[in-house]
Amino acid sequence: MRTQVGIVGAGPAGLTLARLLENAGIETVVLEARSRDYCEARIRAGVLEQGTVDLLRDAGVGARMDVEGIVHHGISLQFDGERHRVPLSELTDGRSIVIYGQTEVVKDLFAARLESGLPLHFDTPAAEIDAERGIVRHAGGELECDFVAGCDGFHGVSRASVPSGVLREFGREYPYGWLGILADVAPSVDELVYAHHERGFALLSLRSPTRSRYYLQCRPDEDLGEWPHERIWQELQTRAGVDGWTLEEGPILEEGVTGMRSYVCEPMRCGRLFLAGDAAHIVPPTGAKGLNLAIHDVRLLAEALVRRYESGDEALLAAYSDACLRRVWRCEHFSWWMTTMLHLPPGGDPFDLRLQRSQLRYVTTSESQARALAENYVGLELV
Ligand code: RFL
Ligand code: PHB
């Protein structure tokens, strides 16, 4: 098999790239390790920056998002039992975020790809990539490409196929995890609430007018068996509780634990292989940046590939890694900052707790601090 751009991984990065290249008349083949059902059942991110929303809409895959996505103009930070609203739109010239699950984004992109009749091979894991020659090896044979987009997430083979010594890696693991639930109950809040609490962080989010998505800080290796549903609700009530407000409980449809890390590799390219999304960088979820960064990477990669096929000019491809990394590092910092400000440090160190509360108070009382948070959260083009 031969194609212009081989895309490894059908997550948001790979599928969006495939769509952007399709719209520009560039030939692609997408290889995905898992089944369609598996990918469509995976619950991940929920917050889309306006830039992400605009890109999906412009790419012709935003119709359902425009109907079902819920626009939010603020979030709240909670500490010492009080909620403080950060008016995102007021602080960023009207920018907002949209609540629309990553699962839905992926479903929309699958549907568009299949409707176009273009190659998308499920249950086809790439085994190895020859970055110099542009060859993707898989159980069914070889895919020869002008360029390969490594969009196979943090545990994929793309980054692992880069010869040692080429990439420089940076990272941090956090002693925290998130226990996340999806519940069949109307959200008890109109906007997201990030709650600092001496028993640990909690996040109140949502997926739709009838589906709530809630998270509790836990150990990265937390055993879900120790969390009967009653305990999960009790802990959410305690950590997210404020006077005069109650959290509506309901059937839990899905639950899971995820660890947290920060990671970046530089450069995001080796020969004909270009890394994008989680394959190149990971952020802890507290800043809601992972999906948005993945989309930003492939926007730049698509522009660079279009330029290359239109005029033979490889300048944008040469600049791809540096251009991505500027935004990646801004998001790495923001995500690290939100994470360390909101999570209970190991042992609940009282010094750290007081620093966190002081920082939260500052962020919610000083307009310049609140604006800095808002600009980062909505994904203003800062860098
Ligand atoms: P993905 O989504 O991991 O997709 C990679 C795809 O590659 C496939 N694959 C392979 N395919 C072929 N051959 C191989 N050898 C392969 N190995 C793997 C995989 O099956 C998969 O289909 O990466 P991508 O596209 O870069 O997208 C990144 C995002 O998924 C990720 O950053 C976000 O989910 C992170 N994230 C959030 N991001 C946000 O922007 N806002 C949020 O609110 C947000 N919340 C979250 C999150 C991630 C979370 N978890 C589960 C880590 C909340 C959570 C709990
Ligand atoms: C989510 O709804 O899954 C979500 C929202 C905000 C975050 C992380 C996850 O920071």
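Details of the structure are given in the entry above.
No experiment lies behind these values; they were computed from the predicted model shown.

A.B. asks: Can you break down helix α9 (residues 315-342) residue by residue, with the values?
C.D. replies: The end-to-end C-alpha separation of α9 is 41 Å, in line with the 40 Å expected for 28 residues at 1.5 Å each. At S321, α9 shows its largest bend, some 35°.

A.B. asks: Can you explain the site of ligand 2? Please cite residues and give values.
C.D. replies: Contacts to ligand 2 come from 14 residues, most closely from Y194, S205, R207, Y215 and P285. Between an oxygen atom of ligand 2 and a side-chain N or O atom of S205, the distance comes to 2.6 Å. Taking P285, its main chain carries an N or O atom lying 2.8 Å from an oxygen atom of ligand 2. Considering ligand 2 on its own, with 280 Å² of exposed area, one finds that the protein chains cover 96% of that surface. Looking at the shell around ligand 2, the elements with two or more residues in it are β14 (202-208) and β15 (211-218). For the shell around ligand 2, the element with the most residues is β14, which contributes 3 residues. The class makeup of the residues in the shell around ligand 2 is 8 nonpolar, 3 polar and 3 charged.

A.B. asks: Break down the site of ligand 1 for me, citing the residues and quoting the values.
C.D. replies: Around ligand 1 lies a shell of 34 residues, among which E32, R42, Q102, D278 and L291 are the nearest. One of the backbone nitrogen or oxygen atoms of G290 is found 3.2 Å away from an oxygen atom of ligand 1. The separation between an oxygen atom of ligand 1 and a polar side-chain atom of N292 is 3.2 Å. Computed on the free molecule, ligand 1 has an accessible area of 1100 Å², of which 88% lies beneath the protein chains in the complex. No other element matches the 4 residues that helix α8 (residues 290-311) contributes to the shell around ligand 1.

A.B. asks: Break down the packing of aromatic side chains for me, with residues and values.
C.D. replies: Tallying each qualifying case throughout the model produces 14 aromatic pairs. On the numbers, 6.5 Å between centres and 80° between planes, the contact of F334 with Y377 is edge-to-face. Of this pair, F334 sits in helix α9 while Y377 sits in helix α11 (residues 367-378), and the two are 43 residues apart along the sequence. As far as burial versus exposure is concerned, F334 and Y377 are alike and both buried. An aromatic cluster is present here, built from W178, Y194, F201, Y215, F334, W337 and Y377 joined pairwise through their rings. The ring of W227 has R231 sitting right over it, with the charged end atom 3.6 Å from the ring centre. Just above the ring of Y377 sits the side chain of K289; from NZ or CZ to the centre is 5.8 Å.

The rules behind the values
In this numbering scheme, every chain counts its residues from 1 along its sequence in written order. Labels are handed out in written order, letters beginning with A for the chains and numbers beginning with 1 for the ligands. In keeping with the model being predicted, local features are shown solely for residues with a pLDDT of at least 70 and side-chain atom pairs are shown and tallied solely at 80 or more, while totals for entire chains, interfaces and linings include all residues. The basis for every side-chain value is the complete set of non-hydrogen atoms in the structure, without hydrogens or water. Secondary structure follows DSSP: runs of H or I at least 4 residues long count as helices, runs of E at least 2 residues long count as strands, and numbering of each begins at the N terminus. Between the first and last residue of a helix there are one fewer steps than residues, each counted as 1.5 Å, and that sum is the expected span. In this scheme, the bend at a residue equals the angle between the axes fitted to the seven residues that finish there and the seven that begin there. Proximity criterion: a residue is near a molecule or strand once any of its heavy atoms comes within 4 Å of it. For the purposes of these results, a polar contact is taken to be a pair of N or O atoms within 3.5 Å, where, inside protein, one atom must be able to donate a hydrogen and its partner to accept one; residues adjacent in sequence count only when each atom of the pair is a side-chain atom. We get accessible surface area from the Shrake-Rupley algorithm with a probe of 1.4 Å; when it comes to residues, only the shown protein chains can shield them. Residues are grouped as follows: nonpolar covers Ala, Val, Leu, Ile, Met, Phe, Trp, Tyr, Cys and Pro; charged covers Asp, Glu, Lys and Arg; every other residue, Gly included, is treated as polar. Under the pairing criterion, centres of Phe, Tyr and Trp rings, with the six-membered ring standing for Trp, must be within 6.5 Å; the plane angle then separates stacked pairs below 30 degrees from edge-to-face pairs above 60, leaving the rest tilted. Between buried and exposed lies partly exposed: a residue is buried under 20% and exposed over 50% of the maximum accessible area for its type, with that area taken using a 1.4 Å probe on protein chains only. A ring is considered to have a charge above it if a Lys NZ or an Arg CZ atom is located within 6 Å of its centre and within 35 degrees of its normal.

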